[in-house]
Each structure stands twice: as structure tokens, then as C-alpha cells.
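Below are the chains, spelled out letter by letter.
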Amino acid sequence: MMPDPLQQPARIQADMVIRNIGQLVTVAQHPVPGASGPLQVIDKAAVALHDGVIVWLGRDDENEPMFQHDAGNAVGEIATIDAQGMVVTPGLVDSHTHLVFAGDRSEEFHLRRQGVSYGALLAQGRGILTTMQATRGADTQTLTKLATGRLHTMRNHGTTTVEVKTGYGLDKVTEQTCLRIINNLNAMETSPSYEYSRVRVVPTFLGAHSVPPEYRDKRDAYVDLVIEEMLPSFVGLARFCDVFCEREAFSPDESRRILTRAKELGYLLKIHADQLSASGGAKLAAELGATSADHLDFASDADLDDMREAGVVATLLPGCSYTLRDPYPPARRLLERGLLVALATDFNPGTSYCENMQLMLGLAMSAMGMSLEEALTAATINGARALALHEMTGSIEVGKRGELAFWSIADYHEIGYHFGVNLVHSVFIAS
Ligand SMILES: [Zn+2]
């Protein structure tokens, strides 16, 4: 049958429309009608949502489709948010953090100013182990309060998805406590209003962060404890298993044992790879099909090529270089070799005490030679890939969750250029 030319155009089901967006930076992975440039930017845009899922985006003008909201048999209300001409991007995705810990490591920071290396501090049983002691000694309420405060700071700087690792308990009880706290962070801040809803928190088990002092002379027994007791007990509590594969931490063979068992149990894999030396972590990530390998300062070209072929996301953590006064990760080399590059804070008390993804964007551009397009892609959709959540978040496209950052700037080219201040006005996270 021929379509009836007088028939009303199909209406789109929506319960919310965000209007008056100055620039909508979609970072879409497919061409968007009316959008331009590698980031698929739409000027004077609107976004419509239904049940928290993006159902339409385009120009905020007379050509937009009609929206309707059927609520059972009744006509439901369509809520409207006025973006007041702000720039809107996907919510930032911080795919590598160590958010749950107690204690203070400022002394170490200043010792390093006097020339003591991070590796030397680790070898002296400081560094991670200082935080381990404080974390073991803290109660759940204290750890939760500290973590929640940090999560708020992240959100205030535009982050809507954050991965959080354990790794400061290093015994079964404390690791489990930390995993429960991380999972509970997801349930916090639940609110019927759209504006103040929850940040998505992705839990990672990092029992192999360091060998705890009670196992210093029997490290094999600690690896066995991780493999035989912790990993099976934490199934369902952690989405990822991560290992610190480094001279001062776990060897490639130990890392392989742990990650192989984790994979059998259904965990996705991450590796702290080649941060302080050529540790073999990148190669192992490719071998085991890890979702991401993180740091990569010392990874060889051959290992990077293996990672690319295996589809492992390369996560770069410039906050560490900034803090340790080390050379920055070789972003251009990775991009030129065709790797998918993500950026994250590595928020932790030792080597990157910073919740702010905007600073990582700035460092990526000013210190690592990434373009605005590359950096913003790395901080959004590629961060989502590093968490295997790219079907759900990381870009503004039909079918994805409404997770947006509102920037109080007139043009998105201000990102990275205007630095040292918070340019994010607020985030929107659909519940
Ligand atoms: Zn880390």
C-alpha cells in the first residue's frame, strides 16, 4: 500500500527533551545528520530521552520531530531541561582509579621532590604498603565516607562513569570490604530527579597490587591466596581483575597465573603494564585478551602491535608522569600505530592524587601532543571501551544512556586551552 501523504509523521516516544544546547559534541562513532567534524558536533542542538535512553538528537529548530509520551493509557508529561546555550559532551569516563583507601602520603610526595624514586620507596615497603596499613586499620564507614567525597569531586568535574580498584587491603577480609564499598557506591545518591543521580561505578579486584609484608618471604603463597581464595570468593563483586605487572610487584608469570584463573572465572582483565620498566605487561595483555593495558610508558613497538591486533585498549595516565616528574606516555607513538587510546586519572594517593579528568585532557594536549579530538575521544568513548561499556555509554547516540557533561563555555575548543579551573557546570545522569 502507498503511504498516505496526509498521515501525521511518526512521533517519537520521549519523556524528556534537553533544549538550547549551544554545541552538542556527540563523539558519535557513526555519522550523525547535521553534525560536522571528527567529533560530530551539532550547533544549537536538542537531545530527547525515553526511560534514560537517547531516542533522538539533532538541531533544536522547527524541523525536529514531534515527541509524545504515552504513560499507560494516559498522555504523560515531557520534562524539559534548558541547557542555556552550554556545550554538552558525553559524561567523562575515568576508566582507572584507586578510589577506596585511607591514610596520607603527602610526605612521600615531598621526599620524591628531594630525589627519592617511587621504585625506591616501594622497595623500602613504603608507597602502596603505607596505604595498605591505613586502609586495613580504617572502618567501613570511614572508607565509605572518604570514597564518597572523592566520587563527588569527580562528578563535579564531569565524570559520569568511574572504574574503582581494590588493592589496598591485600588480605581477603579487607579486599572484600573494599569491594563491597565500591559496589555500594553504585547504590548511593539514588534520586528520582534526573539531575542528581548516580555515577556509574565499575568494580575491579586488584589483589595483586603488591605483596603484603606478611608474605614477603613467601610470595608464591600470596599468589596462591589470590588465585585459590580471593578470586573465587569475589565472583559477582568485581567486573574486572587487574594485576600490577612490574619489577617491584608481580612478574609476568605470576600475573599470567592470576589473570588466567580470573578469566576462567568470568572476570574481564586489565593489567598495569610497563609503567616503570619494560615489564612484559603489554605482551601479556595481548596474549590473554585483556580489555585494557594501562600505563605503557615502556612498552615496545612489537608489544603494542600485538595489543592492537588483540583489540586491547591502551589507557594512558598522565597524572602519574606529572606527579613523578617522569616523561609522559608516548601517545603519538600509540596513535600512529593505530591503537585505541583512553585517558584516565589513575586517582591514587601515591602517584596521581587528582580526581579531575579535565586536567588529564589538558595534559594529553599540552604534554603528550594529542589533538582535542583525540583527547576527548580518549576521555569518553575509548574510556568506555576500556570498561567494555561502549555499547551503553561514552558517546551521545541514539540507543545509549543519557550521561552528559554540561560545560559552562561557549565553544568546546576551550577544553584543554583554558586550564587549571573547572569548566564543567554540572553532569546529567539519567536514572
Ligand atoms: Zn593504577
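Residues numbered from 1 in each chain as written. Predicted model: local features only at pLDDT ≥ 70, side-chain atom pairs only at ≥ 80, totals over all residues. Heavy atoms only, no water.

A. Examining the sheet that holds strand β15 (residues 292–295) more closely. Sheet architecture is open: 8 strands sit in the order β10-β11-β12-β13-β14-β15-β16-β17, paired in parallel fashion. Strand pairing shows two members of the sheet lacking a second neighbour, β10 (92–94) and β17 (341–343), which therefore form its edges. Each strand axis lies, on average, 25° off the axis of its neighbour in the sheet, ignoring direction. Of the strand pairs in this sheet, strand β14 (residues 268–273) and β15 are connected by 4 bridges, and their pairing is parallel. Paired with I271 across the bridge in β15 is A293. Against the sheet, helix α13 (residues 372–379) makes contact with β10 and β17, and its axis sits at roughly 75° relative to β17, the strand it touches most. (Pairing = 2+ DSSP bridges. Helix = DSSP H or I, 4+ residues; strand = E, 2+ residues; numbered from the N terminus. Axes fitted to C-alpha atoms, helices over the stretch in contact; angles between N-to-C directions. Contact = heavy atoms within 4.5 Å.)

B. Here's a closer look at the coordination of the zinc ion. All of the protein donors around the zinc ion are H96 (NE2), H98 (NE2), H272 (NE2) and D346 (OD); their distances to the metal are 2.0 to 2.4 Å. What the 4 donor atoms of the zinc ion show is an angle range of 82 to 170° at the metal, which sorts the shape as irregular. On the primary sequence, the residues serving as donors to the zinc ion are separated as H-x1-H-x173-H-x73-D. A residue pair is termed long-range when its members are at least 10 positions apart, and H96 in the loop between β10 and α1 (106–113) and D346 in the loop between β17 and α12 (357–366) qualify at 250 residues. (Donors = N, O, S within 2.8 Å, 3.2 Å for Na, K, Ca; no water. Tetrahedral: all angles 85-135°; square planar, octahedral: opposite > 155°, others 65-115°.)

C. Local environment of the side chain of E355. Checked against the element boundaries, E355 lands in the loop between β17 and α12. R150 provides the closest opposite charge to the buried, salt-bridge-free E355, at an N-O distance of 5.4 Å. Sequence-distant contacts of E355, defined by excluding residues within four places in its chain, comprise R150, T153, M154, T345 and F347. (Buried < 20%, exposed > 50% of the residue type's maximum accessible area, 1.4 Å probe, protein only. Lys, Arg positive; Asp, Glu negative; His and termini not counted. Salt bridge = Lys/Arg side-chain N within 4 Å of Asp/Glu carboxyl O.)

D. The arrangement of the domain arrangement of the chain in detail. Domain boundaries assigned for the chain yield domain 1 (12–85) and domain 2 (92–393). Distance from the C-alpha centre of domain 1 to the C-alpha centre of domain 2: 34 Å. Contact with domain 1, which involves 8 residues of that partner, is made by 7 residues of domain 2. Summed over the three residues of domain 1 that lose the most area to domain 2, namely V27, Q29 and L39, the buried surface amounts to 56% of that side. Seen at the junction of domain 1 and domain 2, the total is 0 salt bridges. Our enumeration of links across domain 1 and domain 2 arrives at 1 residue pair in polar contact (both at pLDDT 80 or more). Its residues assigned to classes, the side of domain 1 that touches domain 2 shows 5 nonpolar, 2 polar and 1 charged. (Domains from an automatic or database assignment. Buried area = accessible area lost by both parts, 1.4 Å probe. Polar contact = N/O pair within 3.5 Å; in protein donor to acceptor, adjacent residues only side chain to side chain. Nonpolar A, V, L, I, M, F, W, Y, C, P; charged D, E, K, R; others polar.)

E. A look at the packing of aromatic side chains. Applying the stated rule across the entire model yields 8 aromatic pairs. With a centroid separation of 5.4 Å and 55° between ring planes, the pair formed by Y215 and Y222 is classed as tilted. A relative accessible area of 17% places Y215 in the buried class. An aromatic cluster of three or more residues is present, and its members are F101, Y168, F347 and Y353. Above the plane of the ring of Y215 lies K218, whose end atom (NZ or CZ) is 5.0 Å from the centre. (Phe/Tyr/Trp six-rings, centres within 6.5 Å; stacked < 30°, edge-to-face > 60°. Lys NZ or Arg CZ within 6 Å of the ring centre and 35° of its normal.)

F. Spatial organisation of the confidence of the model for the chain. Confidence in the prediction for the chain averages 93 pLDDT; 96% of positions are at 70 or higher. Confidence drops under pLDDT 50 across residues 190–196; counting only partners more than four residues distant or on other chains, this segment forms 13 contacts. (pLDDT = per-residue confidence, 0-100.)

G. How the structure looks around the environment of V313. Topologically, V313 is positioned in strand β16 (residues 313–316). When the C-alpha atoms of V313 and A293 are compared, they prove to be 6.3 Å apart, with 20 residues separating the residues in sequence. For V313, the contacting residues outside a window of four places in its chain are T291, S292, A293, M307, L340, A342, N382, R385 and A386.

H. Representation of the pattern of salt bridges in the model. With the rule as written, the count across this model stands at 25 salt bridges. Among the ionic pairs, R59 bridges to D61, the shortest N-O distance being 3.9 Å. With relative accessibility at 24%, the residue D61 sits in the partly exposed group. Ionic contacts of the salt-bridge type, sharing partners, join the residues D301, D305, R308, E309, R333 and R337 into one network.

I. Seen up close, the nonpolar core. By size, the foremost hydrophobic cluster in this structure holds 102 residues, and its most contacted members are F205, I258, L296, M307, L361, W407 and I415. In terms of residue count, the dominant contributor to this core is helix α6 (residues 219–233) (7 residues). Mapping this core onto the domain boundaries places at least three of its residues in each of domain 1 (12–85) and domain 2 (92–393). Ignoring anything within four residues of it in the chain, the contact list for W407 reads M86, V87, T89, L92, Q358, L361, I415, L423, V424 and H425. Ranked by size, the runner-up nonpolar core spans 21 residues in total, among them M16, L24, F406 and A430. (Core = buried A, V, L, I, M, F, W, Y, C linked by side-chain atoms within 4.5 Å.)

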